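Chains, contacts and geometry: an overview
Chain residues, written in single-letter form:
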6 protein chains.
Amino acid sequence: MSAVKAAKQPVIYLTRIESFDSAHRLHSRQLDDKTNRDTFGKCNTIHGHNYRVELTVKGTADPVTGILCNNYVLKQIMSDTILKPFDHKFIDEDVSYFKDENHSSTVENIVFFIWKAVSERLPINVRLHQIKLYSTEKNVVTFSGEFE
Amino acid sequence: MSAVKAAKQPVIYLTRIESFDSAHRLHSRQLDDKTNRDTFGKCNTIHGHNYRVELTVKGTADPVTGILCNNYVLKQIMSDTILKPFDHKFIDEDVSYFKDENHSSTVENIVFFIWKAVSERLPINVRLHQIKLYSTEKNVVTFSGEFE
Amino acid sequence: MSAVKAAKQPVIYLTRIESFDSAHRLHSRQLDDKTNRDTFGKCNTIHGHNYRVELTVKGTADPVTGILCNNYVLKQIMSDTILKPFDHKFIDEDVSYFKDENHSSTVENIVFFIWKAVSERLPINVRLHQIKLYSTEKNVVTFSGEFE
Amino acid sequence: MSAVKAAKQPVIYLTRIESFDSAHRLHSRQLDDKTNRDTFGKCNTIHGHNYRVELTVKGTADPVTGILCNNYVLKQIMSDTILKPFDHKFIDEDVSYFKDENHSSTVENIVFFIWKAVSERLPINVRLHQIKLYSTEKNVVTFSGEFE
Amino acid sequence: MSAVKAAKQPVIYLTRIESFDSAHRLHSRQLDDKTNRDTFGKCNTIHGHNYRVELTVKGTADPVTGILCNNYVLKQIMSDTILKPFDHKFIDEDVSYFKDENHSSTVENIVFFIWKAVSERLPINVRLHQIKLYSTEKNVVTFSGEFE
Amino acid sequence: MSAVKAAKQPVIYLTRIESFDSAHRLHSRQLDDKTNRDTFGKCNTIHGHNYRVELTVKGTADPVTGILCNNYVLKQIMSDTILKPFDHKFIDEDVSYFKDENHSSTVENIVFFIWKAVSERLPINVRLHQIKLYSTEKNVVTFSGEFE
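Residues numbered from 1 in each chain as written. Chains lettered and ligands numbered in written order. Predicted model: local features only at pLDDT ≥ 70, side-chain atom pairs only at ≥ 80, totals over all residues. Heavy atoms only, no water.

Side note on the interface of chain D and chain A
Taken together, the contact between chain D and chain A spans 25 residues of the former and 22 residues of the latter. Both faces combined, the contact of chain D with chain A buries some 2000 Å², and carbon together with sulfur accounts for 51% of it. In this structure, the connection of chain D to chain A is made through two salt bridges. Across the pair Arg 127 of chain D and Glu 148 of chain A runs a salt bridge whose closest N-O atoms are separated by 2.5 Å. Broken down by secondary-structure element, the contributors of at least two residues to the side of chain D that touches chain A are strand S1 (10–24), strand S2 (47–60) and helix H2 (71–86) of chain D. If one sorts the elements of the side of chain D that touches chain A by residue count, S1 of chain D sits on top with nine residues. Taken together, the residues of the side of chain D that touches chain A sort by class into 13 nonpolar, seven polar and five charged. Where strand S5 (residues 139–147) of chain A and S1 of chain D come together, six bridges link them in antiparallel fashion. Across the sheet, residue Phe 147 of chain A finds its bridge partner in S1 of chain D, namely Pro 10 of chain D. (Contact = heavy atoms within 4.5 Å. Buried area = accessible area lost by both parts, 1.4 Å probe. Salt bridge = Lys/Arg side-chain N within 4 Å of Asp/Glu carboxyl O. Helix = DSSP H or I, 4+ residues; strand = E, 2+ residues; numbered from the N terminus. Nonpolar A, V, L, I, M, F, W, Y, C, P; charged D, E, K, R; others polar. Pairing = 2+ DSSP bridges.)

Topic: unusual backbone geometry
Even without glycine at this site, His 88 of chain B takes up a positive phi of about 55°. Mapped onto the elements of the fold, His 88 of chain B is located in the loop between helix H2 (71–86) and strand S3 (89–90).

Quick word on the pattern of salt bridges
Counted by the stated rule, this structure contains 48 salt bridges over all chains. Two residues, Lys 138 of chain B and Glu 18 of chain E, come together in a salt bridge whose shortest N-O distance is 3.8 Å. One end of the pair, Lys 138 of chain B, is in the loop between strand S4 (127–136) and strand S5 (139–147); the other, Glu 18 of chain E, is in strand S1 (residues 10–24), on a second chain. A salt bridge links Glu 18 of chain E to Arg 16 of chain E; the nearest nitrogen and oxygen atoms lie 3.0 Å apart. Salt bridges sharing partners connect three or more residues here, namely Arg 16 and Glu 18 of chain A together with Lys 138 of chain F.

With respect to helix H1 (residues 33–40) of chain F
Of the residues making up H1 of chain F, those classed as buried are Asn 36, Thr 39 and Phe 40 of chain F. On an axial view of H1 of chain F, the arc spanned by its buried residues comes to 75°, and they lie on one face. Buried positions along H1 of chain F lie against helix H2 (71–86) of chain A. The N-cap of H1 of chain F, judged by a side-chain oxygen 3.2 Å from the amide nitrogen of Lys 34 of chain F a few residues on, is Asp 32 of chain F. Count one or two residues on from H1 of chain F and you reach Gly 41 of chain F, which has phi positive near 55°. (Buried < 20%, exposed > 50% of the residue type's maximum accessible area, 1.4 Å probe, protein only. Arc of directions from axis to C-beta. Polar contact = N/O pair within 3.5 Å; in protein donor to acceptor, adjacent residues only side chain to side chain.)

Looking at the arrangement of the chains
You won't find any contact between chain B and chain D; their C-alpha atoms come no closer than 14 Å. What separates chain B from chain F at the closest point of their C-alpha atoms is a distance of 13 Å, and the two make no contact.

A word on the relation of the copies chain D and chain A
With an RMSD of 0.0 Å, the fit of chain D onto chain A corresponds to turning through 120° and sliding 0.0 Å along the axis. Between the two chains, the operation in question is that of a three-fold axis. Closest approach to the rotation axis within chain D is made by the C-alpha atom of Glu 137 of chain D, at a distance of 8.7 Å. (Least-squares fit on C-alpha atoms with pLDDT ≥ 70 in both.)

Points about the side chain of Asn 109 of chain C
Its place among the elements puts Asn 109 of chain C in helix H5 (residues 107–119). Of the polar contacts made by the side chain of Asn 109 of chain C, one reaches the backbone oxygen of Ser 104 of chain C; its length is 2.9 Å. Ignoring any residue separated from it by four or fewer positions in sequence, one finds Asn 109 of chain C in contact with Gly 66 of chain B together with Tyr 97, Phe 98, His 103 and Ser 104 of chain C.

What to know about the environment of Ser 19 of chain A
Residue and element names in this part refer to chain A. Looking at the element boundaries, Ser 19 is found in strand S1 (residues 10–24). Among the residues examined, Ser 19 registers a relative accessible area of 42% and is labelled partly exposed. Discounting residues that sit within four places of it in the chain, Ser 19 has contacts with Tyr 51, Arg 52 and Leu 83.

Re the nonpolar core
Ranked by internal contacts, the top residues of the largest apolar core, which has 100 residues, are Ile 82, Phe 86 and Leu 133 of chain A, Phe 86 and Leu 133 of chain D together with Phe 86 and Leu 133 of chain F. In contact with Leu 133 of chain D, not counting residues within four places along its chain, are Phe 20, Tyr 51, Arg 52, Val 53, Val 107, Ile 110, Val 111, Asn 139, Val 140 and Val 141 of chain D. With 99 residues, the next largest nonpolar core counts Val 57 and Cys 69 of chain B together with Ile 82 and Ile 110 of chain C among its residues. (Core = buried A, V, L, I, M, F, W, Y, C linked by side-chain atoms within 4.5 Å.)

What to know about the packing of aromatic side chains
For the structure shown, the criterion picks out 66 aromatic pairs over all chains. A ring pair is formed by Phe 98 of chain B and Phe 113 of chain B, whose centres lie 5.8 Å apart and whose planes are at 55°; its orientation type is tilted. Pair noted here: Phe 98 of chain B is in helix H4 (residues 96–99) and Phe 113 of chain B is in helix H5 (residues 107–119), with a separation of 15 residues, a long-range link. One exposure class covers both Phe 98 of chain B and Phe 113 of chain B, and it is buried. Among the aromatic residues, those joined into a cluster by ring pairs are Phe 20, Tyr 51, Phe 86, Tyr 97, Phe 98 and Phe 113 of chain A. The lysine or arginine in question, Arg 52 of chain B, covers the ring of Tyr 134 of chain B, its NZ or CZ lying 5.4 Å from the ring centre. (Phe/Tyr/Trp six-rings, centres within 6.5 Å; stacked < 30°, edge-to-face > 60°. Lys NZ or Arg CZ within 6 Å of the ring centre and 35° of its normal.)

Concerning the packing of H2 of chain A against helix H5 (residues 107–119) of chain A
Residues and elements named next belong to chain A. The interhelical angle for the contact between H2 and H5, taken along N-to-C directions, is 140°, at an axis separation of 10 Å. If you check the angle between H2 and H5, you find them oblique. Between H2 and H5 lies a crossing whose hand is right-handed. On H5, the residues that touch Ile 77, Thr 81, Ile 82 and Phe 86 of H2 are Ile 110, Phe 113, Ile 114, Ala 117 and Val 118. When the residues that make up the contact of H2 with H5 are grouped by side-chain class, the tally is eight nonpolar, one polar and no charged. (Axes fitted to C-alpha atoms, helices over the stretch in contact; angles between N-to-C directions. Parallel < 35°, antiparallel > 145°, perpendicular 65-115°, else oblique. Left-handed = near helix turned anticlockwise from the far one by under 90°.)

Some details on the interface of chain A and chain F
Taken residue by residue, the interface counts 25 residues in chain A and 22 residues in chain F. Of the roughly 2000 Å² buried between chain A and chain F, counting both surfaces, carbon and sulfur atoms make up 50%. Counting across the interface, chain A meets chain F through two salt bridges. The tally of links between chain A and chain F comes to 14 residue pairs in polar contact (both at pLDDT 80 or more).

Describing a negative patch on the surface
Residues Glu 137 of chain A, Glu 137 of chain B, Glu 137 of chain C, Glu 137 of chain D, Glu 137 of chain E together with Glu 137 of chain F make up a contiguous surface patch of negative charge. Relative to the elements of secondary structure, Glu 137 of chain A occurs in the loop between strand S4 (127–136) and S5. (Patch = residues over 30% accessible without salt bridge, like charges linked within 9 Å, V, L, I, M, F, W, Y side chains within 5 Å. Areas by Shrake-Rupley, 256 points an atom, 1.4 Å probe, with all protein chains shown as cover. Lys, Arg positive; Asp, Glu negative; His and termini not counted. Charge placed at Lys NZ, Arg CZ, Asp CG, Glu CD.)

Notes on the pairing of strand S2 (residues 47–60) of chain B
Residue and element names in this part refer to chain B. With 12 of its 14 residues buried, S2 lies for the most part within the structure. Of the strand pairs in this sheet, strand S1 (residues 10–24) and S2 are connected by 14 bridges, and their pairing is antiparallel. Residue pairing in the sheet places Tyr 13 in a bridge with Lys 58 of S2. As paired strands, S2 and S4 are joined by seven bridges and run antiparallel to one another. Looking across to S4, one finds that Leu 55 is bridged to Ile 131.

Pasting the structure below:
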C-alpha cells in the first residue's frame, strides 16, 4: 500500500439465502409442564418447519475482481454452520446447545446461535451484518449483533 | 326441476390453499434399520416441514349466487380433516394411520390419507378433483383419485 | 399442403400471467339484503383484490421460428380483454356484464366472462385451453371450457 | 433486580406478516376533480388491493422462555388494529380517519395510520420498529417512526 | 407375482423443481436478419434468464417404502439432463441441438429437448408426465408428450 | 413558507420493484484466463439472469395529495436508467461502463452503476435510500450510498 490515501470504496451488503427442514418443540426446562403448555400453546408439541435463513455480510468489493465474497465461500460457511447441524434434525435432541444447555429452540435463540457460529467462520474482509430467520412465511426474526 | 332440460353450465374448479407445520421421519417398520437408512437417507431422522396443501374441487356454480362452494365451507373441511390431525404434530406418533398401521409418512401416503378424509366431508354438489401436497418449495406430489 | 402427410408436431401449452386491481362486492340482485349478507358474509361489503390471471393456450410451434405465439400477441389480447375492463375498476359498477345483467362478481362468473372475451380474440393457430383466476394467494378458480 | 448489572441481552427484531383485502380510490378533497384525475391517474377510480403488511417489533427475549413476544399476541393486535378496520372494507367510506378527516387513502397515509394504531397496543417489553405495506407485489412503503 | 390380482394402487404424480441460469437469443437461421428482428423483437439480442423447470413423473408408490421415486434419483437425472447442458451456458453456442441443428432456442424448443433427454433416463417404474418451463415468472410453456 | 415552523412530517420510504433479463459473464481484463476461471468458476462462461431490482427512495409525503412520489415517475426513471441499458442485453458487450472501462459485470458493480444512474434523475423532493439487486432468488446485493 502506498502512502497515498486510497479512494473510498462503496460498501456492499451481500445476502445469501438457504433453507433447512427441522423438527422442534418449544419447551423450557425451567418451567413445569403446565406452564410450558400455557406459554407455548400448540408449539409445545413436536412439529416442524422449512426454515429459511438470509445471511447478510458487508464490506468493499475487490477492485480487480469486483466481488466482495465468492458465493461458494458463503455457501460452504452456511452449509457447515447452519445446514449441517439443523437440516433434517430434531433441534431439541440433536443440537447440543439446545439439548444440554438451558435454551428452548425458539427462533430468537436459534438466530443467536447461528450468528455466533457464522461469525467465527467469515473471511477477514467481510463483516457479519444481519441474519434473518423465517420459521414460516409469516413469522421472521432478525438479529444484527445489537445488545442492550 | 321441470321437464325442460336446463342449459348446460360451465364446470368450475375451485382451489383453496392452506399450510401446516409437522415433524416426521421416513421409516418403514417392514424394513430393518440399515435398509431404512439406505432407502431414506437423511429423511430417516426426525425433521419437519411447513407443508402446503392445495385442495381442488369441481362442480357448477349456483345460478343465483354464482358461487360453487363457500370459502368458509372448504376452510372448515380443511381445518377438520387436515390442519387438526397434522398441524403442530409429530405425524409418525400423533396420527393413528401412520402410527398404528404400516404406513410410512411419505408425501405419497399423506396425500392419499388426506384424499380419503376430505372426500367423506364434501357437500353433495362438489366433487373432489385433486390434492397437491408440497413438502418443500421444490417437492410436490399430486393425487387425483386415479388407481391402476 | 402437399399430399405427403407432415410429421406430427409436439403440442405445446403456453401460459402468460398478468394481474389487475379491482374493487367488488358479492351481492345478488335475485336475493334480499339479509340473504345476501348470510350467503356472502364479509364479502357482501365493498372490498378489493389484486387479481392474478393465468391464461393458457395450446397448439403446435411454427417449424421455422419455433414459437407457438408471440408474447406480445398474448400480452395485447390480455390487455384488451382483461386489464382494460377490470384494472382499477369497480367491477359491479364499471363492467356491463355485472352491472346490467344478473351476474354477481364472483370469481366463478369473472373467469367465465374472461373465457368468452379471450376466445373471440385468439389467433387462428392457437386454441384457448385454460384460465386460472386468483382472488387471493389462497383462493383460485379454473375454467377449461367444460360444460355439463 | 439486584445491584449487580445484568449481562447485556441480544436485541431481536420480530416480524409478523398479515394481509387484508380493501377497496379505495385516490382522491383529495382539497383538490378539484380535474386535478385529482391528473394527479392520481387511473388510481382516482374505485379499485382494490390485497394489501400485505409486515409489522416489526424489537426487544430482548425473556431469558426463561426464550421468546420476545408470543405470536398470538401480535396476531391479536394486528387483527384488532389492522384487519378489523380495513379487511373487506371500502377504506374511503368505512374508516373514519379517511372519510371524515382530510386524508387521501394513499399507502403513505395508511401506513402512518396503522403505526399510530399499533403503537398504542403493544406490550410494555416490545417497541414498534417498522411497518411495511405492500399495495401490490411491486409497490411498498415503509415507515419506521422517523419525522423531519 | 401370484395369480391373485393385486389391489389397485393410487396413481401419484411427483414433481421436482429446479432452476438454471442461461444466456440465449431468439434467431432462426432459416430467416434473414430483418425478419428475425421483426419476428423476435428485443429477444433477438443476446440476453438471459433464470429458467425454472418443473418435472412431473407418475406411477404407483412401492407398498413397503411408500415412495414412488427417491428424490435423489430425480435430482440426479435433472442434474445430468438439464443443469449440466444448460446451467451457466450460452444455449445457442454451447448446446449442440441448438447450435448445429436448425432449432432456435425458444422455450417451446427447449422444453421438447428436455423431454427427450429426461425420458431416456427415468427408472422403469415411473413414467414422464409433464415438463413446465418458466423463462420468467410470467411466461411458461408446458409439454406433456402430446403430438398432433 | 411562513415564519411559523411547520409540524414535522413522517419520513416515508417508497420501494418499487422491477425486473430485467440479461446475459453476462464474470471476467476481469486485469486477470489472465486461468485466474479468471479459478476466480469466477462456472460464472466465467456466458450465462444469464432474470435480475430483480428494488429501488427505495425516502422523503415526506405532500400534505395535500398524501403521496411521496407518483408511481409513474419512479417507473419512468427505472425504465430509462435500468431497463433500457440492461433488459434483453449482453451486459459485457452492450453497456459501455462494462465494455470499455475495467469493470467486471458482478452484481456489486452493477448495483453501483445503477445507483449513480438513478441518483441523477430523482425529483428534488425524494432522496435515494437503497438499491437491492437479485441475480437469483438466493443471491442479493444491497447498496445504500455508504463508502469507506
